[in-house]
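# Per-entry structural report
So you can see what is in the structure, the chains are spelled out below.
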Amino acid sequence: LMKANAVSPQLYKDFLEPLLLAMLFAPPEELSAAVIIGTFDFLALGHQANFDVKWCRGPVGERILTPLVNRITENGGTVLGAHPVQDFEVAQDSRGGVTGVLARNSLGVTRLFECDAVIIAVGVKGLQTLTRNVESLAKHEQFRRVLNLRASDCIAVRLTFDRRLATRSPANVMVVP
């Protein structure tokens, strides 16, 4: 469809493919032309006032992650980089919850970080890497199935305010100025 309509490889790679992945959560090569045209017609053309997707201008680390880390540390938290997870310590009781994270520092020293819970806040590729390298994840089928995913990472944030706020449009998708 894209070749037949003279879409350049660069435009496809940099714009259309990520857009289709974000909207339909499937690789575009697995979608029919009818689905793609219907999606663009419904979401992008038919609802332009509600279609509020913007791409990050600049490095994601600089624009999103560094400000997030700064906010965490300003509020007393600690963020450790260069500490890849080696494994999770799991309680041997019937609950089987995670009680610790084993991580290795840049000197190769593994340290246990005790915890009450773990949130694995990584994209698909990061979760696939963790699943391949962390035995306590790899032994669970739901994590092994992640290895079969072909997807685009997408950030979704839901904010709850203490009062109703006026917005430019009724639907908003992550906007990074």
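Report follows, based on the coordinates. (Residues numbered from 1 in each chain as written. Predicted model: local features only at pLDDT ≥ 70, side-chain atom pairs only at ≥ 80, totals over all residues. Heavy atoms only, no water.)

### Considerations on the sheet that holds strand β1 (residues 85-90)
Sheet architecture is open: three strands sit in the order β1-β2-β3, paired in antiparallel fashion. Only two strands of the sheet have a single partner each, and these edge strands are β1 and β3 (110-114). In this sheet, neighbouring strand axes are inclined to one another by 25° on average, regardless of whether the strands run parallel or antiparallel. Two elements, strand β2 (residues 98-104) and β3, share five bridges in a ladder whose sense is antiparallel. For Val 101, the partnering residue across the bridge sits in β3 and is Phe 113. (Pairing = 2+ DSSP bridges. Helix = DSSP H or I, 4+ residues; strand = E, 2+ residues; numbered from the N terminus. Axes fitted to C-alpha atoms, helices over the stretch in contact; angles between N-to-C directions.)

### Considering the nonpolar core
Core analysis: the largest hydrophobic core is formed by seven residues, namely Met 2, Leu 16, Leu 19, Leu 20, Met 23, Ile 36 and Phe 40. With four residues, helix α1 (residues 9-24) is the largest single contributor of residues to this core. Other than its neighbours up to four places away in sequence, Leu 20 contacts Met 2, Phe 25, Ala 26, Pro 28, Ile 36 and Phe 40. Formed by five residues, the second largest nonpolar core is a distinct cluster that contains Phe 88, Val 101, Leu 130 and Leu 137. (Core = buried A, V, L, I, M, F, W, Y, C linked by side-chain atoms within 4.5 Å. Buried < 20%, exposed > 50% of the residue type's maximum accessible area, 1.4 Å probe, protein only. Contact = heavy atoms within 4.5 Å.)

### Here we look at a nonpolar patch on the surface
A contiguous nonpolar surface patch, about 450 Å² in accessible area, is contributed by Val 60, Leu 65, Leu 68, Val 69, Ile 72 and Val 79. Counting through the fold element by element, Val 69 comes out in helix α3 (residues 60-74). Relative accessible area serves as the criterion here: at 31%, Val 69 is assigned to the partly exposed category. (Patch = residues over 30% accessible without salt bridge, like charges linked within 9 Å, V, L, I, M, F, W, Y side chains within 5 Å. Areas by Shrake-Rupley, 256 points an atom, 1.4 Å probe, with all protein chains shown as cover. Salt bridge = Lys/Arg side-chain N within 4 Å of Asp/Glu carboxyl O.)

### Observations concerning α1
Along its length, α1 reaches its greatest deviation from straightness, about 35°, at Leu 16, and the proline Pro 18 lies no more than four positions downstream. Those residues of α1 lying buried are Leu 16, Leu 19, Leu 20, Leu 21 and Met 23. Once α1 finishes, Phe 25 follows within two positions and takes phi at roughly 55°, a positive value. (Bend = angle between axes of the 7 residues up to and from the residue.)

### Topic: the pairing of β2
Bridge analysis of β1 against β2 gives five bridges, and the strand direction is antiparallel. Paired with Phe 88 across the strands is Val 101, a residue of β2. Following β2, the chain reverses through five residues before pairing antiparallel with β3; Gly 108 in that reversal takes a positive phi of roughly 90°.

### Quick notes on unusual backbone geometry
In the Ramachandran plot, Ala 82 falls in the positive-phi region, its phi being about 55° despite a non-glycine side chain. By the element assignment, Ala 82 lies in the loop between α3 and β1.

### Looking at the layout of surface pockets
In this model, the second largest pocket occupies a volume close to 1000 Å³. Together, 27 residues line the second largest pocket, and Leu 80, His 83, Val 85, Ile 119 and Ala 121 are the ones closest to its centre. Contributing elements (two or more residues each) for the lining of the second largest pocket: α3, β1, β2 and α4 (124-133). Classifying every residue of the lining of the second largest pocket by side-chain character gives 21 nonpolar, six polar and no charged. (1 Å grid on protein atoms, 1.4 Å probe; cavity = no way out; pocket = protein on both sides within 12 Å on 5 of 7 lines; lining within 4 Å. Points joined across faces, edges and corners; volume = space filled by probe spheres on them. Nonpolar A, V, L, I, M, F, W, Y, C, P; charged D, E, K, R; others polar.)

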